[in-house]
Amino acid sequence: MATAKMNVAELEAFLHAEFPQAFRDGDIAIESADGETSLLRQRYSERMLRPGGTVSGPTLMALADFAMYVVLLSRIGPVGLAVTANLNINFLRPGRPGQDVLAAARLLKLGKRLAVGEVTLLSGTSPDPIAHVTSTYSIPNA
């Protein structure tokens with residue numbers, strides 16, 4: 001198991017200072033991060049919905065991207081300029097209104113300049129994923 005360089009409290013402090021817009025509405029919580037995985041929860045809000053009453057794609061993409069950023073920072077420490085280089089999402093089933101969305105991220109490979117991971121998005125307590133994401137992050141030189 002990898003050693004985490006930042007715990008949840010340290011991640012939240014860093015992100016509130018460096019990336020406050022991610023927490024502006026108080027609807028996203030980091031539930032865990034251990035250097036290999038992270039779990040984020042986005043509390044349900046009607047702003048998440050698209051016409052037809054399902055959770056919107058932009059909501060899911062943003063949460064998945066943030067979950068990947070959190071797991072990466074938990075592993076490498078406070079590197080604010082690590083950025084998304086690629087994000088691919090497969091929408092599997094609709095996210096239901098009234099349900100929080102969970103993002104379970106894990107690092108698949110960490111190199112010197114790139115990190116690759118995946119995120120599974122879940123709706124409420126259902127074990128069936130609503131989306132699957134693969135993502136690559138670019139890590140700046142030290």
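All values derive from a computational prediction rather than experimental measurement.

Peer 1: Lay out the overall build of the protein chain in plain terms, naming residues and giving numbers.
Peer 2: When its secondary structure is counted, the protein chain shows two helices and six strands. Start at the N end of the protein chain and walk to the C end: the helices and strands fall as α-β-β-α-β-β-β-β. Relative to the globule expectation of 14 Å for 142 residues, the C-alpha radius of gyration of the protein chain, 14 Å, shows essentially globular dimensions. With respect to the principal axes defined by its C-alpha atoms, the protein chain has extents near 45 × 25 × 25 Å. Looking at the protein chain residue by residue over its 142 residues, the buried ones come to 42%.

Peer 1: Can you lay out the sheet that holds strand 2 (residues 37–42) for me, pointing to particular residues and giving the numbers?
Peer 2: The sheet built from six strands is open, its strands ordered 1-2-4-5-6-3 with antiparallel pairing. At either margin of the open sheet sits one strand with a lone partner, and together these are strand 1 (28–33) and strand 3 (83–91). Across this sheet, the average inter-strand angle for adjacent strands is 20 degrees, counted without regard to direction. Looking at chain direction, strand 3 and strand 6 (residues 129–138) are connected through eight bridges and run antiparallel. What sits directly across from Asn-86, in strand 6, is Thr-136. With respect to the sheet, helix 2 (residues 57–76) is in contact with strand 1, strand 2, strand 3, strand 4 (101–110), strand 5 (114–123) and strand 6, its orientation differing from that of strand 4 by roughly 45 degrees.

Peer 1: Give a description of the side chain of Ser-38 that names residues and reports values.
Peer 2: Here Ser-38 is to be found in strand 2. A polar contact is formed between the side chain of Ser-38 and the backbone oxygen of Ala-67, at a distance of 3.0 Å. Look past the residues within four positions of Ser-38 in its chain and what remains in contact with it is Ser-32, Ala-33, Ala-67, Val-70, Val-71, Ala-103, Ala-104 and Ala-105.

Peer 1: Summarise the nonpolar core; cite the residues concerned and give the values.
Peer 2: Within the largest apolar cluster, 38 residues are counted, with the highest numbers of intra-cluster contacts made by Leu-15, Leu-40, Phe-66, Val-119 and Leu-121. Only helix 1 (8–18), strand 1, helix 2, strand 4, strand 5 and strand 6 provide two or more residues apiece to this core. Considering each element in turn, this core owes the most residues, 12 residues, to helix 2. Not counting residues up to four positions away in its chain, the partners in contact with Leu-40 are Ile-28, Ala-29, Ile-30, Glu-31, Leu-63, Phe-66, Ala-67, Val-70, Val-101, Leu-102 and Ala-103.

Peer 1: So what about the environment of Met-6? Which residues, and what values?
Peer 2: Structurally, the position occupied by Met-6 is in the segment before helix 1. A relative accessible area of 6% means that Met-6 is categorised as buried. Along the chain, Met-6 and Glu-31 lie 25 residues apart, while their C-alpha atoms are 13 Å from each other. When residues no more than four places from it in sequence are discounted, the contact partners of Met-6 are Leu-11, Phe-14, Leu-73, Ser-74, Gly-77 and Pro-78.

Peer 1: Explain helix 2 residue by residue, including any values.
Peer 2: Compared with an ideal rise of 1.5 Å per residue, which puts 20 residues at 28 Å, helix 2 spans 29 Å between its outermost C-alpha atoms and is within 8% of the ideal. Just downstream of helix 2 lies Gly-77, where phi reads positive at about 95 degrees.

Peer 1: Lay out the side chain of Thr-54 with the relevant residues and their values.
Peer 2: Residue position: Thr-54 is located in the loop between strand 2 and helix 2. Excluding residues that lie within four positions of it along the chain, Thr-54 makes contacts with Met-48, Leu-49, Pro-94 and Gly-95.

What counts, and at which threshold
- Residues numbered from 1 in each chain as written.
- Predicted model: local features only at pLDDT ≥ 70, side-chain atom pairs only at ≥ 80, totals over all residues.
- Heavy atoms only, no water.
- Helix = DSSP H or I, 4+ residues; strand = E, 2+ residues; numbered from the N terminus.
- Rg over C-alpha atoms; globule rule 2.2 N^0.38 Å.
- Buried < 20%, exposed > 50% of the residue type's maximum accessible area, 1.4 Å probe, protein only.
- Pairing = 2+ DSSP bridges.
- Axes fitted to C-alpha atoms, helices over the stretch in contact; angles between N-to-C directions.
- Contact = heavy atoms within 4.5 Å.
- Polar contact = N/O pair within 3.5 Å; in protein donor to acceptor, adjacent residues only side chain to side chain.
- Core = buried A, V, L, I, M, F, W, Y, C linked by side-chain atoms within 4.5 Å.
- Expected span 1.5 Å × (residues − 1).

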